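The residues making up each chain are set out below.
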Amino acid sequence: LTSERYRVRRLPFSRLSPRDVAFFERLMPGRAVTDPEELEPFNVDWLKSVRGCSKLLLKPQTAAEVSQVLRYCSERNLAVNPQGGNTGLVGGSVPVFDEIILSTVLMSRIISFDTVSGILVCQAGCILEKLNEYLEERGFIMPLDLGAKGSCHIGGNVATNAGGLRLLRYGSLRGTVLGLEVVLADGTVLDCLASLRKDNTGYDLKQLFIGSEGTLGVITAVSILCPQKPKAVNLAFLGCQNFSQVLETFTTCRAMLGEILSAYEFMDEKCMELVEKHLKLSCPVRDSHFYVLIETSGSNSTHDEEKLNSFLEQAMASGLVTDGTVATDDKKIKMLWSLRERITEALTHDGCVYKYDISLPVGKLYDLVTDMRARLGQSAKNVVGYGHLGDGNLHLNITAESYSHSLLDAIEPFVYEWTARYNGSISAEHGLGFKKKQFIQYSKPSEAVFLMQRFKAMLDPKGILNPYKTLPSSS
Ligand code: FAD
Ligand code: MLT
Ligand code: ZN
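Scoring rules and cut-offs
Residue indices begin from 1 for each chain and proceed along its sequence in written order. Each chain takes a letter, starting from A, and each ligand takes a number, starting from 1, following the order in which they are written. At least 70 in pLDDT is required for a residue's local features to be given in this predicted model, at least 80 for side-chain atom pairs to be given and counted, and no such filter applies to totals for whole chains, interfaces and linings, which use all residues. Computation of side-chain values covers all heavy atoms of the structure but excludes hydrogens and water. How far each domain reaches was decided by an automatic or database domain assignment. In short, buried area is how much 1.4 Å probe accessible area vanishes from two parts on joining, totalled over both. Neighbouring residues are identified by heavy atoms, a residue being near a molecule or strand if any of them is within 4 Å of it. Pairing of N or O atoms within 3.5 Å defines a polar contact, subject to two protein rules: one partner must be a possible hydrogen donor and the other a possible acceptor, and residues neighboring in sequence count only if both atoms are side-chain atoms. Methods summary: accessible areas were calculated by the Shrake-Rupley approach with a probe of 1.4 Å, and residue burial reflects only the protein chains presented. A pocket, in this scheme, is an open set of points on a 1 Å grid over the protein atoms alone with protein on both sides within 12 Å along at least 5 of 7 lines, while a cavity is a set where a 1.4 Å probe fits but cannot get out; residues line either one if an atom lies within 4 Å of a point. A molecule is counted as occupying a cavity or pocket when more than half of its atoms fall within 2 Å of that pocket's grid points. Comment: elements are numbered from the N terminus, with helices defined as DSSP H or I runs of at least four residues and strands as E runs of at least two. Put simply, a salt bridge is a Lys or Arg side-chain nitrogen that is within 4 Å of an Asp or Glu carboxyl oxygen. Only protein chains enter the calculation, and the probe is 1.4 Å; a residue is then buried if its accessible area is under 20% of its type maximum, exposed if over 50%, and partly exposed in between. Classification convention: Asp, Glu, Lys, Arg as charged; Ala, Val, Leu, Ile, Met, Phe, Trp, Tyr, Cys, Pro as nonpolar; all other residues, Gly among them, as polar. Pairs of strands are assigned from DSSP output, requiring at least two bridges between the strands. Only the contacting stretch of a helix is used when fitting its axis, a line to C-alpha atoms as for every element, and angles between N-to-C directions run 0 to 180 degrees. In this analysis, two residues are considered to be in contact whenever any of their non-hydrogen atoms come within 4.5 Å of each other. Working definition: a ring pair exists when centres of Phe, Tyr or Trp rings (six-membered ring for Trp) sit within 6.5 Å. Plane angles under 30 degrees give stacked, over 60 give edge-to-face, the rest tilted. Two limits define a charge over a ring: the Lys NZ or Arg CZ must be within 6 Å of the ring centre, and within 35 degrees of the ring normal. Grid points are joined across faces, edges and corners, and a volume is the space filled by probe spheres set on the points.

### Here we look at the domain arrangement of the chain
Then comes step 1: Here the chain is described as being made up of domain 1 (2-106), domain 2 (110-225), domain 3 (232-343) and domain 4 (350-443).
Then comes step 2: Taken over C-alpha atoms, the centre of domain 2 sits 29 Å from the centre of domain 3.
Then comes step 3: Of the roughly 720 Å² buried between domain 2 and domain 3, counting both surfaces, carbon and sulfur atoms make up 53%.
Then comes step 4: Considering only the surface of domain 2 that becomes buried against domain 3, Leu165, Leu168 and Arg169 emerge as the three largest contributors, covering 79% of it.

What follows is the structure, given as structure tokens:
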């Protein structure tokens, strides 16, 4: 049981009564779900590592409905778990006990798109990949991309401040999100859905909700700035023999590719073994200890190819890179991206996964993997490292045949202490959710945590929004 493994007690929220259910059925006929079978997938996270036992799933269609739900829940002291595509990796997206699940699955309307400014306004439940397809038809793309694009919702992306595969080029959602509509815990609808590049009227309240993981309000609509669809995209998938070469290849390509560089991802040989073994993907590059994926996006294919080729010539001639392949056509580009994007999926086939998402000074990035491997020895099945190297973001993952307390104790708090020693962050992009919230002090001073708790108390005095998540419990 989740609550037992994590030693957490249910807070004194009200229990759902038949009268509550009747209220919600009247409010949204056919969209207040109590059937246990239909509820099941909403109660379990993507990793199948945590499970709640909610008895009610609500599927609102409008901000007005979300407002009515929250006003009622606030008056009745019922806890609520906002949920998007349920692809979160830190246990934040599913209830811990019997919280009502408030899903944005039916809030998938595009409200407007301005082809001059590139500003998209849509409801929070739009699926990231669908938005990208909509934009591509109009000559634009979403400023973020991630492996879970086929399921995750834009509201969930904003709530977690998701990073992903394009951050290096287009920056974080803290820059591209221009406005939000948010429903507060008491049902107040906060309309900050501005579609302006510049707006310095008072505090920038939307920033509070970006990355707040459903603990401060429910995001119901998003206004986001989208870049032009690049006319030319090239990919290079390269093999390096050691991590210093991975780093030097990065500095070289940054210098030589300049403004057209749009991704620099890395994975180690263990990751490659796993995607080959579990997903039957095949690597076109000769066996190497590390692989890097370099993407360029620009407006002139001849110019971009020339730049990429001279970079590759230099990287090969100087021995930084031992083997590699390039792609310009869509099919091969997708195939090469899947080697990197599908590591997460391959890991789930390898056994129980212990996931860490760490920001570090880029030069130290791989030392954590090496140290962890040495520390765990035979007690782990695989210790792998991959991630968004260009953003200084390591994904350290450890697999074992099954869950064990002793392995977890060998990993934590070692991994957090190691990270803190180098002034890193224990969550670069996935958030703290349920699994990491007790470790926030490794990355934030107590004064900052205290201020966060005061914001929480002000915006959600009864603590009904995603309890047990993000902020440490006081006892
Ligand atoms: P959910 O999982 O449903 O929810 C996540 C959190 O946000 C929860 O705390 C939930 O309560 C809250 N929430 C959801 N919707 C709302 C809302 N409308 N209002 C308020 N709170 C809300 N993450 C990255 O950052 N980068 C990656 O590259 C990346 N790749 C991934 C690849 C795979 C294969 C998978 C499975 C996950 C990946 N993730 C990545 C993690 C995950 O996809 C992201 O965190 C994503 O942004 C979550 O969106 P979601 O709609 O699934 O949200
Ligand atoms: C990724 O970059 O692949 C995602 O953040 C998911 C993961 O960490 O496995
Ligand atoms: Zn990632």
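Having seen it, we continue.
### Focus on the site of ligand 1
Then comes step 1: Around ligand 1, 35 residues are found, and the nearest of them are Pro82, Gly84, Gly85, Thr87 and Gly88.
Then comes step 2: Residue Asn466 places a side-chain N or O atom 3.0 Å away from an oxygen atom belonging to ligand 1.
Then comes step 3: Here ligand 1, which alone exposes 980 Å², has 96% of that area covered by the protein.
Then comes step 4: Among the cavities detected, the one that contains ligand 1 is the second largest pocket.
Then comes step 5: Elements supplying a minimum of two residues to the shell around ligand 1: strand S3 (80-83), helix H6 (154-160) and strand S9 (218-225).
Then comes step 6: Sorting elements by how many residues they give to the shell around ligand 1 places H6 first, with 5 residues.

### Topic: the pattern of salt bridges
Then comes step 1: Going through the model one piece at a time under the given rule, you end up with 21 salt bridges.
Then comes step 2: Lys206 is paired through a salt bridge with Asp204; the nearest N and O atoms lie 3.0 Å apart.
Then comes step 3: On the accessibility criterion, Lys206 (14% relative accessible area) is buried.
Then comes step 4: Linked through salt bridges whose partners overlap, the residues forming this network are Arg10, Arg15 and Asp98.

### Quick look at the site of ligand 2
Then comes step 1: With respect to spatial proximity, the complete set of residues near ligand 2 consists of Leu89, Arg340, Thr344, Lys355, Tyr386, His388, His395, Glu429 and His430.
Then comes step 2: Here His388 contributes a side-chain N or O atom positioned 3.0 Å from an oxygen atom of ligand 2.
Then comes step 3: In this structure, His430 approaches ligand 2 through a side-chain N or O atom, which is 2.8 Å from an oxygen atom.
Then comes step 4: Burial of ligand 2 by the protein chains amounts to 86% of its free accessible area of 270 Å².
Then comes step 5: For ligand 2, the cavity whose grid points lie within 2 Å of the majority of its atoms is the second largest pocket.
Then comes step 6: Residue composition of the shell around ligand 2, grouped by class: 2 nonpolar, 4 polar and 3 charged.

### Some details on the sheet that holds strand S7 (residues 177-183)
Then comes step 1: The strand order S5-S6-S9-S7-S8 describes an open sheet built from 5 strands, whose pairing is antiparallel. The open sheet has two edge strands with one neighbour each: strand S5 (110-114) and strand S8 (189-192). Taken over all neighbouring pairs, the strand axes of this sheet differ in orientation by 10° on average, direction set aside.
Then comes step 2: Along the sheet face, helix H4 (residues 63-76) touches S7, S8 and S9 and points at about 45° away from the line of S7.

### Brief notes about the side chain of Ser54
Then comes step 1: Counting through the fold element by element, Ser54 comes out in the loop between helix H3 (36-43) and strand S2 (57-58).
Then comes step 2: Among the residues examined, Ser54 registers a relative accessible area of 5% and is labelled buried.
Then comes step 3: Of note is the side chain of Ser54, whose polar atom sits 2.7 Å from the backbone oxygen of Glu99.
Then comes step 4: Excluding residues within four positions of it along the chain, Ser54 makes contact with Leu39, Asn43, Pro95, Phe97, Asp98, Glu99, Ile100 and Ile101.

### Examining the packing of aromatic side chains
Then comes step 1: According to the stated counting rule, one finds 19 aromatic pairs in the structure shown.
Then comes step 2: Measuring from centroid to centroid gives 5.2 Å for Phe97 and Tyr468, while their planes differ by 65°, and the two rings are edge-to-face. Linking Phe97 in the loop between S3 and strand S4 (100-103) with Tyr468 in the segment after helix H18 (446-459), this pair joins segments that are 371 residues apart in sequence. The same class applies to Phe97 and to Tyr468, which are both buried.
Then comes step 3: Here a set of aromatic residues connected by ring pairs shows up, and it is made of Phe243, Phe266, Phe290 and Tyr366.
Then comes step 4: The ring of Tyr134 has Arg138 lying over it, and the distance from NZ or CZ to the ring centre is 3.7 Å.

### Brief notes about the sheet that holds S2
Then comes step 1: Strand order in the open sheet formed by 4 strands is S1-S2-S4-S3, with mixed pairing between adjacent strands. Every other strand in the sheet has two partners, leaving strand S1 (32-33) and S3 as the edge strands with one partner each.
Then comes step 2: The sheet contact formed by S2 and S4 spans 2 bridges and is parallel. Bridging from a neighbouring strand, Leu58 pairs with Leu102 of S4.

### Considering the side chain of Ser93
Then comes step 1: By the element assignment, Ser93 lies in the loop between S3 and S4.
Then comes step 2: Ser93 gets classed as buried once you look at its relative accessible area, which sits at 12%.
Then comes step 3: In this view, Ser93 contacts Asn81, Pro82, Gln83, Asn86 and Gly88; residues no more than four positions away in its chain are not counted.

### As for the layout of surface pockets
Any empty space left between atoms is shown by rolling a water-sized probe over those atoms.
Then comes step 1: In this structure, the largest pocket occupies an estimated 1,400 Å³ of space.
Then comes step 2: If you trace the largest pocket, you find 50 residues lining it, with Tyr6, Phe434, Lys437, Gln438 and Tyr468 closest to the centre.
Then comes step 3: Secondary-structure elements contributing two or more residues to the lining of the largest pocket are strand S14 (352-359), helix H16 (405-411) and H18.
Then comes step 4: Of all the elements, S14 adds the most residues to the lining of the largest pocket, at 5 residues.
Then comes step 5: Class assignment of the residues belonging to the lining of the largest pocket gives a composition of 23 nonpolar, 12 polar and 15 charged.
Then comes step 6: Of the domains in this structure, domain 1 (2-106) and domain 4 (350-443) are the two that each give at least three residues to the lining of the largest pocket.
Then comes step 7: Estimated volume of the second largest pocket: approximately 980 Å³.
Then comes step 8: Taken together, 49 residues form the lining of the second largest pocket, with Thr87, Gly88, Leu146, Ala148 and Cys152 sitting closest to its centre.
Then comes step 9: Of all the secondary structure elements, the ones that give two or more residues to the lining of the second largest pocket are S3, H6, S9, helix H13 (330-341), helix H14 (343-348) and strand S15 (382-388).
Then comes step 10: At 5 residues, H6 tops the list of elements feeding residues into the lining of the second largest pocket.

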